[in-house]
Amino acid sequence: MIPRLASTEGLPDAVARPAYVREDHGVGIVHLGLGAFHKAHQAVATDDALAAAGGDWRIAGVSLRSTTPSQELTPQHGLYTLIERGVDGTRARVVGAIAAALSLRNDRPAVLDALLAPQTRIVSITVTEKGYGVDRATGGVDLSHPAIEADLAAPDAPEGVAGLLVWALGRRRAAGIEPFTVLPCDNLPDNGRVVRGLLADFAARTAPDLEDFIRGEVAFPSTMVDRITPARGPETLALAETLTGRRDEAAVETEAFTQWVIEDHFPTGRPAWEASGAVFVSDVRPYEDMKLRMLNGAHSMLAYAGFLAGHAFVRDVMQDRALTALIRRHLAAAAATLAPVPGVDLSRYADDLLARFANPHLAHQTYQIAMDGSQKMPQRIFAPALEAMRRGHPLAPFAFAAAAWLRYTLGRGEDGKPYALRDPLEASLTIASTDAGEILRHAQAITGLVPPELAASEAWREAVTQRLSRMLADGMRGAIDREAEGV
Ligand code: CS2
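All of these numbers come straight from a predicted model, not from anything done at the bench. By convention here, each chain's residues receive numbers from 1 onward along its written sequence. Residues qualify for local features only when their pLDDT is at least 70, as the model is predicted, and side-chain atom pairs are given and counted only at 80 or more; totals for whole chains, interfaces and linings, by contrast, use all residues. To obtain the side-chain values, all non-hydrogen atoms of the structure were used and water was disregarded.

Trainee: Can you help me understand the packing of aromatic side chains in this one?
Mentor: Two aromatic rings, taken as a pair, are described by how far apart their centres are and by the angle between their planes. Centres within 6.5 Å are what make two rings of Phe, Tyr or Trp a pair, Trp counting through its six-membered ring; a difference in plane orientation under 30 degrees is then read as stacked, over 60 as edge-to-face, and the rest as tilted. Per the counting criterion, the structure on display carries ten aromatic pairs. Relative to Trp 273, the ring of Trp 260 has its centre 4.6 Å away and its plane inclined at 45 degrees; by these criteria the two rings are tilted. Of this pair, Trp 260 sits in strand S10 (residues 259-263) while Trp 273 is found in the loop between S10 and strand S11 (279-281), placing the two residues 13 residues apart along the sequence. For the pair shown, Trp 260 and Trp 273 are each scored as buried. Ring geometry for Phe 382 versus Trp 405: centroids 6.3 Å apart, planes at 65 degrees, classification edge-to-face. Separated by 23 residues along the polypeptide, Phe 382 in helix H15 (residues 373-391) and Trp 405 in helix H16 (residues 396-409) bring together distant segments of the chain. Relative accessibility under 20% of the residue-type maximum defines a buried residue, over 50% an exposed one, and the middle range a partly exposed one, all with a 1.4 Å probe and only protein chains included. For Phe 382, a relative accessible area of 3% gives the class buried. By relative accessible area, which is 2% here, Trp 405 ends up buried. Counting every residue linked through ring pairs, the aromatic cluster contains Tyr 304, Phe 307, Tyr 367, Tyr 408 and Tyr 419. For a lysine, the NZ atom is tested; for an arginine, the CZ atom; a charge sits over a ring if that atom is within 6 Å of the ring centre and within 35 degrees of the ring normal. Over the aromatic face of Phe 280 sits the side chain of Arg 270, whose NZ or CZ is 3.6 Å from the ring centroid. For the purposes of this entry, the term helix denotes a DSSP run of H or I that reaches at least four residues, the term strand denotes a run of E that reaches at least two, and both are numbered from the N terminus.

Trainee: I'm lost on the domain arrangement of the chain in this one. Help?
Mentor: When the parts come together, some accessible area is lost, and that loss is often what is quoted as the size of the interface. Segmentation of the chain into domains returns domain 1 (22-281) and domain 2 (285-485). Each domain span listed reflects an automatic or database assignment of domains. On a C-alpha basis, the centroid separation for the pair domain 1 and domain 2 is 29 Å. Throughout, a residue-residue contact means that at least one pair of heavy atoms, one from each residue, lies within 4.5 Å. In this assembly, 29 residues from domain 1 lie in contact with 27 residues from domain 2. Note on definitions: buried area is the accessible-area loss of two parts on being combined, 1.4 Å probe, summed for both. Roughly 2,400 Å² is buried in total at the junction of domain 1 and domain 2, and carbon and sulfur atoms are behind 55% of that figure. When residues of domain 1 are sorted by the area they lose upon contact with domain 2, Lys 130, Arg 136 and Ile 228 head the list and together hold 24% of the total. A pair is scored as a salt bridge if a Lys or Arg side-chain nitrogen falls within 4 Å of a carboxyl oxygen belonging to Asp or Glu. The tally of links between domain 1 and domain 2 comes to five salt bridges. Counting of polar contacts relies on pairs of N or O atoms within 3.5 Å, with two restrictions inside protein: one atom must be capable of donating a hydrogen and the other of accepting it, and residues adjacent in sequence are counted only when both atoms are side-chain atoms. For the pair domain 1 and domain 2, the interface holds 14 residue pairs in polar contact (both at pLDDT 80 or more). No other element matches strand S8 (residues 223-226), which puts four residues into the side of domain 1 that touches domain 2. Polar here means any residue other than Ala, Val, Leu, Ile, Met, Phe, Trp, Tyr, Cys and Pro, which are nonpolar, and Asp, Glu, Lys and Arg, which are charged; Gly is therefore polar. Grouping the constituent residues of the side of domain 1 that touches domain 2 by class yields twelve nonpolar, eight polar and nine charged.

Take a look at the structure:
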């Protein structure tokens, strides 16, 4: 019987492990959203920081809804295997930064205690774009978001990000404990400013004396995070077992590349994340726009077009010559909308992205990336499309991506088989029409999705509807091949 991973003793030499005594370091971070991305990114950087510079910076990880992560990690005392799948090899590493794995559902008192503890100096967050409950049109709370609705009705029994953090910041203030720094790590532009606006608006509605305090006294550094982390499959656990000789229910698989650009604003201190290669800057925005428009924009485009053309994985898309030509075109068009990014050569960045997407060892599903399109398209496709329009650049690359997404929102493949859309705006997006103009009008009527200036453009309307009509008439394969002609 293969033993479960529960300590680092007796692991094979090739498996890296924490280069510090875990128990010597207290908890300094509460992390909301204990998913694969956190385990492949911030927790690893913290592991490096603890080894390099020490400090009481271990992490109390919290799942707001699921109980699975805590069930997987707790018997392993927070240890898990990170499998790094580089283009030229696979490495396993056991990460020790997570001190406790909690679920709000089962460990509510412990979660609230951790949020109030004076030692908690940072609350970091990965809850995906839709998890926050921000109304994109106003920047305030989205009143139709289930957790916002519940927390506005019962602010003393919070369940969601805004409710929990406003509750905790209020309690800390009343007790004379300094506020923690709030560090959002999701793919939203200006994520620090967005979360500050969200919390301030939530406070205005539930504890008005806290609003100015949140705006003025709490730090919300913005961050750009990057590491491609496919959803875990049974193969991940089997591979972890082969590499470590341990059964590990919490193993994650990721690429070798990792990047973290962070606004350096931590009045309550921080781990030495630079030990892990994190870069601290005064303005993250140029890096965020670069990553969202190039990596994530190309990802969304290739996911919708690729999925409908029958490609299950990103690496399969990269074997499709016509689609690869469109990805290159997209990367160049997105790069042309950006302000200069300090120290970055954008054409090299584009080449590196193509190599990362083509990694044959990463089983990254197009269907995974396709999820939550309504939450991703604004910053990935529509914002750069608007910028391209203002600059007089061609709209074709963005129009193709938009059309592929709209085609995807119809919820059935080319063979007529339905698939789940997995989008919080599914009900608003769904339309029983096969008319391209009508489908576009219907989506553009949703506020906060497509910038009004773009939606009003005749050139945009024509560019999108022409492509969507072709996808509906000739199928995605035909539309891709036609689009790639002359590219
Ligand atoms: C992807 C991202 O699922 C998606 O939408 O585009 O998760 C992407 O893999 C990461 O942002 C890479 O850092």
